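Each chain, letter by letter, is given below.
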Amino acid sequence: MPNPPADKRAERGEATRAKLIAAARELFAERGYTAVGTNEVVQRAGVTRGAMYHHFADKRALFGAVHVEAEQELVAKSAEPMQGVEDPWERLVVGMRAFFDACTDPGLRRITLVDAPAVLGWQDWRAVGHNYGVAAMTFVLQSAMDEGVLRPADVTSLAHLLIASLSEAALMLANAEDPEATRSQVEATLLVLLEGLRA
């Protein structure tokens, strides 16, 4: 039987990879990284172990792909409520609150805030957050500066620093005994920081 054309093989490969990521994400969200074995992942995905190792070197690499997908979702959920908000200051505030709302999703929180720093290491975890968050944050900040709402500053540095602040606040929420009270405190504190940037 002849081999399928390269594009068909690539399509099948992408479909297998997507199944593995979806299955792993469900399991990691339910029970956390350490409690999930690769056998469970391949069974839930309906693929072979060989197929998994064809796409991912090990469980950590698979988790890395899951984390990237979860981080993309986190950024999308944070950006969505900002659509249609005309006032640049209000856009910043709405985006911050939407980010915290997204962080309350138990699966997202477990993957992106609890497991990812430990599994991937601090540097790799931060790199993913910066890759997906910096462009969006830079755009929002630059718009606010252009419209005279924020004082002029180096927008790239500011975007990195605000993302670091949001990440730290999200970690505080993820590990808080009383997440609601902690959220009120960190939101209020971040608003004070943002107020200091107003023109």
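The model shown is predicted, which means the values in this text are computed figures rather than measured ones.

Conventions we followed
Residues numbered from 1 in each chain as written. Predicted model: local features only at pLDDT ≥ 70, side-chain atom pairs only at ≥ 80, totals over all residues. Heavy atoms only, no water. Helix = DSSP H or I, 4+ residues; strand = E, 2+ residues; numbered from the N terminus. Buried < 20%, exposed > 50% of the residue type's maximum accessible area, 1.4 Å probe, protein only. Contact = heavy atoms within 4.5 Å. Areas by Shrake-Rupley, 256 points an atom, 1.4 Å probe, with all protein chains shown as cover. Lys, Arg positive; Asp, Glu negative; His and termini not counted. Charge placed at Lys NZ, Arg CZ, Asp CG, Glu CD. Polar contact = N/O pair within 3.5 Å; in protein donor to acceptor, adjacent residues only side chain to side chain. Core = buried A, V, L, I, M, F, W, Y, C linked by side-chain atoms within 4.5 Å. Salt bridge = Lys/Arg side-chain N within 4 Å of Asp/Glu carboxyl O. Phe/Tyr/Trp six-rings, centres within 6.5 Å; stacked < 30°, edge-to-face > 60°. Bend = angle between axes of the 7 residues up to and from the residue.

Looking only at helices and strands, the protein has nine helices and zero strands in total. Each principal axis of the C-alpha distribution contributes one length, and for the protein these read about 70 × 40 × 30 Å. By the burial criterion, 46% of the 199 residues in the protein qualify as buried. Across the protein, every contact between residues at least 6 apart in sequence was considered, and the portion connecting residues at least 24 apart equals 69%. As presented, the protein carries roughly 10700 Å² of accessible surface, and 54% of it is formed by carbon and sulfur atoms. Taking the 20 positively charged and 27 negatively charged side chains of the protein as two groups, their mean positions are separated by 8 Å.

A few words now on the side chain of threonine 112. By the secondary structure assignment, threonine 112 is in helix α6 (residues 106-120). Exposure remark for threonine 112: the relative accessible area of 2% places this residue in the buried category. Within the local environment of threonine 112, its side chain forms a polar contact with the backbone oxygen of leucine 108, the two atoms lying 2.6 Å apart. When sequence neighbours within four positions are dropped, the list of residues in contact with threonine 112 reads His67, Ala70, Glu71, Leu74, Pro117 and Trp125.

With 60 residues, the main nonpolar core has Leu20, Phe28, Val41, Leu62, Phe63, Phe100 and Leu141 as its most contacted residues. With 11 residues, the top contributor of residues to this core is helix α8 (residues 155-174). Discounting chain neighbours no more than four positions away, the residues touching leucine 20 are Val41, Val42, Ala45, Val47, Ala51, Met52, His55, Phe56 and Leu62.

Let's shift gears to the pattern of salt bridges. According to the stated counting rule, one finds 12 salt bridges in the structure shown. A salt bridge links arginine 25 to glutamate 69, with the nearest nitrogen and oxygen atoms 3.2 Å apart. With arginine 25 in helix α1 (residues 6-31) and glutamate 69 in helix α4 (residues 59-79), this pair connects stretches of sequence that are 44 residues apart. A salt bridge links arginine 97 to glutamate 187; the nearest nitrogen and oxygen atoms lie 3.1 Å apart. Of the two residues, arginine 97 is situated in helix α5 (residues 88-103) and glutamate 187 in helix α9 (residues 179-195); the sequence distance between them amounts to 90 residues. With relative accessibility at 12%, the residue glutamate 187 sits in the buried group. Because the salt bridges share partners, they merge into one network encompassing Arg25, Glu69, Glu73, Lys77 and Asp105.

Here we come to the packing of aromatic side chains. With the rule as written, the count across this model stands at five aromatic pairs. With 5.3 Å between their ring centres and 75 degrees between their planes, tyrosine 33 and phenylalanine 63 make a pair best called edge-to-face. Of this pair, tyrosine 33 sits in the loop between α1 and α2 (38-45) while phenylalanine 63 sits in helix α4; the two residues are 30 residues apart in sequence, bridging distant segments of the chain. In this pair, the class of tyrosine 33 matches that of phenylalanine 63, namely buried. Measuring from centroid to centroid gives 5.0 Å for tryptophan 122 and tryptophan 125, while their planes differ by 45 degrees, and the two rings are tilted.

Largest kink in α6: about 35 degrees, centred on valine 114, with the proline proline 117 one to four residues after it. All of the buried residues along α6 are Gly107, Leu108, Ile111, Thr112, Leu113, Asp115, Ala116, Pro117, Val119 and Leu120. Where α6 begins, the side chain of aspartate 105 points an oxygen toward the backbone nitrogen of glycine 107, at a separation of 3.0 Å. Directly after α6, the chain includes glycine 121, whose backbone phi takes a positive value near 90 degrees.

With respect to the helices and strands, the residue threonine 38 is situated in helix α2. In this structure threonine 38 comes out as buried when scored by relative accessible area, which is 14%. Here the alpha-carbon distance between threonine 38 and tryptophan 122, two residues 84 residues apart in the chain, equals 24 Å. In this structure threonine 38 touches Arg49, Met52, Tyr53 and Lys59, once residues within four positions along its chain are discounted.

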